[in-house]
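Results of the structural survey
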Protein chains: 4
Amino acid sequence: MENPNHIGEARIRVRYAETDQMGVVYHANYIVSFEVGRVEFLRKLGFEYRLMEQEDDCHIAVAEVRCRFKAPARYDDQILVRTRIKFLRGPLIQFAYEVLHEPRGTMLAEGESTHMVVNSRFERTTLPTKYAEAFERVLTEQNGE
Amino acid sequence: MENPNHIGEARIRVRYAETDQMGVVYHANYIVSFEVGRVEFLRKLGFEYRLMEQEDDCHIAVAEVRCRFKAPARYDDQILVRTRIKFLRGPLIQFAYEVLHEPRGTMLAEGESTHMVVNSRFERTTLPTKYAEAFERVLTEQNGE
Amino acid sequence: MENPNHIGEARIRVRYAETDQMGVVYHANYIVSFEVGRVEFLRKLGFEYRLMEQEDDCHIAVAEVRCRFKAPARYDDQILVRTRIKFLRGPLIQFAYEVLHEPRGTMLAEGESTHMVVNSRFERTTLPTKYAEAFERVLTEQNGE
Amino acid sequence: MENPNHIGEARIRVRYAETDQMGVVYHANYIVSFEVGRVEFLRKLGFEYRLMEQEDDCHIAVAEVRCRFKAPARYDDQILVRTRIKFLRGPLIQFAYEVLHEPRGTMLAEGESTHMVVNSRFERTTLPTKYAEAFERVLTEQNGE
């Protein structure tokens, strides 16, 4: 069972700008929705990604991203992005995402992103303790469920 | 050995709009570069994706996309996107991409996208023969090399 | 005095994707925020732009847009887009926008967009009565204030 | 008469990502095409905007932008962006743009952008002499024609 405390939830209303001539959300925009979801996951744990960058020079650079498209989202749809952490191994972090059509609850897309902790010069660095401890705590509780 | 005739090549100059506050190309924009590469691959085979949609009601909807980020691209960089077909199985097509920094030749990103052939109502359909034959021919020649 | 009932209010959280290498929101994204504001203005009047297109084949195509940039917005900023109608003359509609940094209340950008009512084939058409009446009512009340 | 030496020319192929559900290029993307045009105008004068930022800490921040939309551009269209300088007054520079459908030569959009020369902290600064002199020379020659 998932503990809802460990799931970031971001709500996005589809913009006209995000549609394409097929009349649906252009696929690369789901990758942007993952970013929005990740930031809300961090906020739920009490962190602001803006401050991770500014105060701790800690940047979660994307090393790999993967997305499976299940059903098209359309203009003005209300989308829910559910984000959780999958693993933390040294400088590597993986998040998993579900993108849902909120009123209908249908799955639109799902995916994962793997990140490397770097400083502002893109040099590999260690995740500051406060973040690592919070992520480890979430992972332990997820596994214990 | 790769037959250069079976590699689509698209050249892209990085726009300011495509950078982010890390001073590099925002990662989701590589997924857009895959689209640009795919279209040039088709053009090299003699096909215009625009006409595939308009005249044959044949749309190559994205079912899955995957991208591994190797090195950051920066503003005004000249990027080369090399695209080839990996497989064709019924209504499924997979393309593979390499995104290179053109003057330096370094790999910036690589990935794959899997597509489903659909009509304009997103109903699964068959790839019209002229495309299927061309793709099969390329795949046979690639394997024979 | 402005009647707050005639101001659409849209709230937007700045995404990483929307920043550029100056560390601020890339200017063209404000034009997208105008679109978001316009849709919320219509929603406040009881209209869904999605349905205007689908049910009435009424599309508010952009004929001109203008934006003055006052102060930069930054990543994760909470932005408020305030939208009102400026005029309605036959098939022409003009909206005006203020983009504010919500917690600080400072003006980030302001602008106008002029639209032409067209059908899905981009042919000039008349605004269906229900919309025209609602817009006229708002304009009359604004002028009477 | 325009001196073609004083017109930057940028060619852009419309991407699927840039279309919207009306089947045409989403309007805010023309503002991005202005950026692409401006950079090619500078390149024609012998300047790289990338180096203006890096070596001279000279950033041409956008203060105002205006665009009039004449005809829709569609997917895979080949677009030509013609850019020229309109004025230089202290820290203010204005550029004008014409966006054309290249094979047909029809006007798609036209507009202007006004810029303020700033440093990387967005403080108003003076345009370094080498740029100011080149711009003045172009302006003088334009007026003399």
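Reading guide: rules and limits
- Residues numbered from 1 in each chain as written.
- Chains lettered and ligands numbered in written order.
- Predicted model: local features only at pLDDT ≥ 70, side-chain atom pairs only at ≥ 80, totals over all residues.
- Heavy atoms only, no water.
- Pairing = 2+ DSSP bridges.
- Helix = DSSP H or I, 4+ residues; strand = E, 2+ residues; numbered from the N terminus.
- Axes fitted to C-alpha atoms, helices over the stretch in contact; angles between N-to-C directions.
- Contact = heavy atoms within 4.5 Å.
- Buried < 20%, exposed > 50% of the residue type's maximum accessible area, 1.4 Å probe, protein only.
- Least-squares fit on C-alpha atoms with pLDDT ≥ 70 in both.
- Buried area = accessible area lost by both parts, 1.4 Å probe.
- Salt bridge = Lys/Arg side-chain N within 4 Å of Asp/Glu carboxyl O.

**Regarding the sheet that holds strand E3 (residues 78–89) of chain A**
- Across the sheet, 10 strands lie side by side as E1(A)-E3(A)-E4(A)-E5(A)-E2(A)-E2(B)-E5(B)-E4(B)-E3(B)-E1(B); this open sheet has antiparallel pairing. Of all strands in the sheet, those with a lone pairing partner are strand E1 (8–13) of chain A together with strand E1 (8–13) of chain B, marking the two edges. Taking each pair of neighbouring strands and ignoring which way they run, the sheet shows an average axis angle of 25°.
- Sheet topology note: the strand E3 (residues 78–89) of chain B/strand E4 (residues 92–101) of chain B ladder contains 10 bridges and is antiparallel. If you follow Leu80(B) over to E4(B), its bridge partner there is Leu100(B).
- Against the sheet, helix H1 (residues 28–44) of chain B touches E1, strand E2 (59–69), E3, E4 and strand E5 (107–118) of chain B, its axis set at about 140° to E1(B).

**What to know about unusual backbone geometry**
Residue and element names in this part refer to chain B.
- For aspartate 76, which is not glycine, the phi dihedral falls at a positive 75°.
- With respect to the secondary-structure elements, aspartate 76 resides in the loop between E2 and E3.
- Residue aspartate 76 is classed as buried on the basis of its relative accessible area of 2%.
- Despite not being glycine, phenylalanine 122 shows a phi value in the positive range, around 65°.

**Details of the relation of the copies chain D and chain B**
- The transform that puts chain D on chain B rotates by 180° and translates by 0.0 Å along the axis, for an RMSD of 0.0 Å. On the angle and the small slide along the axis, the relation comes out as a two-fold axis. Proximity to the rotation axis, assessed at the C-alpha, singles out Ile12(D) in chain D; its C-alpha lies 4.8 Å from the axis.
- Both copies contact each other with a shared surface, as 100% of the interface residues of chain D are interface residues in chain B too.

**Thoughts on the interface of chain A and chain B**
- Listed per partner, the contact involves 24 residues of chain A and 24 residues of chain B.
- Buried area between chain A and chain B, summed over both chains or domains, comes out near 2200 Å², and the portion from carbon and sulfur atoms is 61%.
- On the chain A side of the contact with chain B, Met22(A), His27(A) and Phe122(A) bury the most area, a combined 27% of that side's loss.
- In this assembly, chain A and chain B are joined by 2 salt bridges.
- A salt bridge links Glu64(A) to Arg66(B); the shortest N-O distance between them is 2.9 Å.

Purely geometric numbers; function is a separate question.
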